[in-house]
Amino acid sequence: MKNSTNIIAFITAFALHLIIGGVLLMNIDFSLPKDKPEAASIIDATVINQDMLDSMAKHSEQQKQAQQKIIDQQRKLQAEQEAEKQRQQALVQKQKDEKLKAEKAEAVRQQEEQKRIENEKLAAAKAAEEQKQAEQAAIAAAEKKKADDAAKAAKQKADKLAAEKAAKEKADKLAAEKAAKEKADKLAAEKAAKEKAEKLAAEKAAKEKADKLAAEKAAKEKAAKEKAAKIAREKAAAEKERLRQEELDRQMEAEFSDDFSSARSAKQTSEIARYQALIRSKISRNWKVDQSMSGQTCTLAIKLASNGLVLSAVMSKGDQKLCDSARRATLQAKTLPIPKDPDISGQFRDFDITLEPDL
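The structure reproduced in this document is the subject of the present report. (Residues numbered from 1 in each chain as written. Predicted model: local features only at pLDDT ≥ 70, side-chain atom pairs only at ≥ 80, totals over all residues. Heavy atoms only, no water.)

### Thoughts on the pairing of strand β1 (residues 298-304)
Stage number 1. Counting buried residues along β1, 5 of its 7 residues qualify, which places the element largely inside the surrounding structure.
Stage number 2. One ladder, built from 7 bridges, connects β1 with strand β2 (residues 310-318); its direction is antiparallel. In the strand pairing of β2, C298 is matched with G318.
Stage number 3. Taking the residues that link successive antiparallel strands as the turn, the β1-β2 hairpin has 5 residues, and the phi of G308 there is positive, at about 90°. (Buried < 20%, exposed > 50% of the residue type's maximum accessible area, 1.4 Å probe, protein only. Helix = DSSP H or I, 4+ residues; strand = E, 2+ residues; numbered from the N terminus. Pairing = 2+ DSSP bridges.)

### Points about the nonpolar core
Stage number 1. Counting 23 residues, the largest nonpolar core has I279, I283, I302, L336, F351 and L355 as its most contacted members.
Stage number 2. Of all elements in the fold, only α3 (271-285), β1, β2, α4 (320-333) and β3 (350-355) reach the threshold of two or more residues within this core.
Stage number 3. Not counting the four nearest positions on each side in its chain, L336 is found in contact with I279, K282, I283, I302, L304, G308, V310 and T330. (Core = buried A, V, L, I, M, F, W, Y, C linked by side-chain atoms within 4.5 Å. Contact = heavy atoms within 4.5 Å.)

### Side note on the sheet that holds β3
Stage number 1. Taking strand neighbours across the sheet as the criterion, the 3 strands line up as β2-β1-β3 in an open arrangement whose pairing is antiparallel. Two strands lie at the open edges of the sheet, namely β2 and β3, each paired on one side alone. Taken over all neighbouring pairs, the strand axes of this sheet differ in orientation by 25° on average, direction set aside.
Stage number 2. Pairing analysis gives 6 bridges linking β1 to β3, with the strands arranged antiparallel. Directly across from K303, in β3, lies its bridge partner D350.
Stage number 3. Across the face of the sheet, α3 comes into contact with β1 and β3 while running at roughly 65° to β3.
Stage number 4. With respect to the sheet, α4 is in contact with β1, β2 and β3, its orientation differing from that of β2 by roughly 165°. (Axes fitted to C-alpha atoms, helices over the stretch in contact; angles between N-to-C directions.)

### Notes on the pattern of salt bridges
Stage number 1. Inspection of every chain in the model, using the stated rule, returns 12 salt bridges.
Stage number 2. Ionic pairing is found between D185 and K181, a salt bridge with its closest N-O pair at 3.3 Å. Residue D185 and its partner K181 are located together in helix α2 (residues 50-262), separated by 4 residues, close to a single helical turn.
Stage number 3. Residue class for D185 comes out partly exposed when judged on its relative accessible area of 42%.
Stage number 4. For K181, a relative accessible area of 52% translates into the label exposed.
Stage number 5. One network of salt bridges, with partners in common, ties together E113, R116 and E120. (Salt bridge = Lys/Arg side-chain N within 4 Å of Asp/Glu carboxyl O.)

### Regarding a nonpolar patch on the surface
Stage number 1. A cluster of nonpolar side chains, contributed by M52, L53 and M56, occupies part of the molecular surface with about 300 Å² of accessible area.
Stage number 2. Inspection of the secondary structure assignment puts L53 in helix α2.
Stage number 3. Residue classification places L53 among the partly exposed residues on the basis of a relative accessible area of 39%. (Patch = residues over 30% accessible without salt bridge, like charges linked within 9 Å, V, L, I, M, F, W, Y side chains within 5 Å. Areas by Shrake-Rupley, 256 points an atom, 1.4 Å probe, with all protein chains shown as cover.)

Put into structure tokens, the structure is as follows:
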């Protein structure tokens, strides 16, 4: 379809060019100029015919209009071609989408059909299994009834034989039966006494076991209560320590604020030096030192969170023993003062500080 459209456009453009060329040829005068008599002392001049000028202007305008028309038709044709192209692309995309949708629907239908078939197979297998079990149960019941009937018949026969034998030998065995009965009564009494003793022993063991379990349960509950109480005490102590540390921080900061505000001079102590002093003071609260550390120094690399929480404290240089005790004191402080001024607070997120015991 695209090729036929291009051919139509070419034929249209060619026809328009032929028409314009014919119009131009029709307005050209092909007649020979008429002979004019020669005249002496005639000045050469070009005579411009106004009609000719108008005709040429008209032809030029017509040519421009024809060219513009051709251009407009070509633009229109291109627009139509582009629209047709887009329509074809949309149609192809629509066909693809519909095909994909149909394939998805078919896949879903096949899955549902497969699921239905599998469910039917499972139901059929289940029904077959249930039927098989019912048949096996019926066979087992029939065999059991047959066995019971046979046992009952055998018992009846044995009872009958035993009754006949007993009746025949009754007179001869009265004494033996009496002795056997007495012996049986004695055995029964002994058995009853034994069973009673065993029962009492079992009841005693059960009671002892129950008492033991109750004692273990009580011990566990007591231990759990003691553990909970211990955790509560530790939590309360930690909270009390935290509040104490916060109060000490506020007091220390207030003291340093008063000291630094009263000691302002032309060469004021910087905010950085102030917070370094605050940090040294807080670490010193928990710092356990002895005389053997006198004159020693330690430099710690400390990392703090934005709220002053101590993330880590690592020895940078100095005496190992002194640095170990300073590190423990820093971690025990949990939080350290940090400036609120954003211009300098970043310097206290990861910094080194040199500590010296006051001995």
